[in-house]
Amino acid sequence: MKKHFTLLILFISASLAQAQDNYDYVDKIAQDACECVQKAKDSNPKLTTEDLGGCLLLSAKDYKAQLSKDYDLDLDSLDGESGEKLGQTIGSRMAFICPTLVASLGNVSDKNKTEEFRILGTIKSIKIETFMVFEIKSEDGKLEKLYWLDFVNSEFDLQNNYEELKEKVVEAIYVNKEVYDARIKEYRVIKVLKKIAVQ
């Protein structure tokens, strides 16, 4: 009986030691990530999610095998759930180690997120240039050119019946995109149509 009790104590001790090791290396990653994020924030207050992700990955890279074993995290494939899981695992520890810094990151922007704009107006013309161009006269009388470059979200059958939109009142959502204009041999910003709805 005493032998079994001793073995049980040894097993528990080994388990606690393993847990402590896990705790230590995750805390080390979190500490390094805190320092990395602070440096990035000092040089550029407008941090992006890419900046944060880069710091997490840089801090965790030396622990790939342990993170894979203990948390089923693959640092070579951080798209989707795996990236979120890394952020949750390390981010939760960062909240204890550098709480003030973490609290200041509430307005971090996503570099890949493109700002969308809205226009309500009447389609005055539809021209076929290199791409389809919708000229929309807004409520304030301004004429805007919106380019149809890729998929446009719409309940209207745009592909087959776009000509029927002429003189119709529409709500259009667009993004600004920088493109190279070979005619003038320089870059310019155009409005790219993303969504359109007939009013």
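Residues numbered from 1 in each chain as written. Predicted model: local features only at pLDDT ≥ 70, side-chain atom pairs only at ≥ 80, totals over all residues. Heavy atoms only, no water.

1. Side note on the confidence of the model for the protein chain
Thinking step 1. When the pLDDT values of the protein chain are averaged, the result is 80; 81% of them are 70 or greater.
Thinking step 2. Under a pLDDT of 50 for its full length, residues 1-22 has, in the predicted model, one contact with residues more than four places off or in other chains. (pLDDT = per-residue confidence, 0-100. Contact = heavy atoms within 4.5 Å.)

2. Side note on the state of the cysteines
Thinking step 1. The final tally for this structure, using the stated rule, is two disulfides.
Thinking step 2. Disulfide partner of Cys-34: Cys-98, at an S-S distance of 1.9 Å. Looking down the S-S bond of the Cys-34 and Cys-98 bridge, the torsion is -70°, so its handedness is left-handed. Linking Cys-34 in helix 1 (residues 2-43) with Cys-98 in the loop between helix 4 (81-97) and helix 5 (99-103), this pair joins segments that are 64 residues apart in sequence.
Thinking step 3. At a sulfur-sulfur separation of 2.1 Å, the disulfide partner of Cys-36 is Cys-55. What sets the handedness of the Cys-36 and Cys-55 disulfide is the S-S torsion sign, and at about -75° it is left-handed. You can see Cys-36 sitting in helix 1 and its partner Cys-55 sitting in helix 2 (residues 49-60), a full 19 residues away along the chain.
Thinking step 4. Disulfides within the protein chain link the bonded cysteines, taken in sequence order, as 1-4, 2-3. (Disulfide = S-S within 2.5 Å. Helix = DSSP H or I, 4+ residues; strand = E, 2+ residues; numbered from the N terminus.)

3. Observations regarding the pairing of strand 1 (residues 116-128)
Thinking step 1. Note that strand 1 and strand 4 (residues 169-181) share seven bridges and pair antiparallel. In the strand pairing of strand 4, Arg-118 is matched with Ile-173.
Thinking step 2. Counting the residues between successive antiparallel strands, the hairpin from strand 1 to strand 2 (residues 132-138) contains three residues. (Pairing = 2+ DSSP bridges.)

4. Examining the pairing of strand 4
Thinking step 1. Pairing geometry for strand 4 and strand 5 (residues 186-198), over twelve bridges, is antiparallel. Across the sheet, the residue bridging to Val-170 is Val-198, located in strand 5.
Thinking step 2. What sits between strand 4 and strand 5 in their antiparallel hairpin is a turn of four residues, with Lys-185 showing a positive phi close to 55°.

5. Remarks on the environment of Thr-130
Thinking step 1. In this structure, Thr-130 sits in the loop between strand 1 and strand 2.
Thinking step 2. Classification of Thr-130 as exposed rests on a relative accessible area of 73%.
Thinking step 3. Separated by 19 residues in sequence, Thr-130 and Leu-149 place their C-alpha atoms 9.6 Å apart. (Buried < 20%, exposed > 50% of the residue type's maximum accessible area, 1.4 Å probe, protein only.)

6. Some words on the sheet that holds strand 2
Each strand in a sheet pairs with another by means of backbone hydrogen bonds, the pair being arranged parallel or else antiparallel.
Thinking step 1. Taken together, five strands build a closed barrel; the order of strands is 1-2-3-5-4 and the barrel is mixed. Each neighbouring strand pair of the sheet contributes to a mean axis angle of 55°, computed without reference to strand direction. (Axes fitted to C-alpha atoms, helices over the stretch in contact; angles between N-to-C directions.)

7. Describing unusual backbone geometry
Thinking step 1. Positive phi, normally seen in glycine, also occurs at Asp-72, with a value near 55°.
Thinking step 2. Tracing the backbone through its elements, the reader meets Asp-72 in the loop between helix 3 (64-71) and helix 4.
Thinking step 3. Judged by relative accessible area, which is 62%, Asp-72 ranks as exposed.
Thinking step 4. Even without a glycine there, the phi angle at Glu-167 is positive, about 70°.

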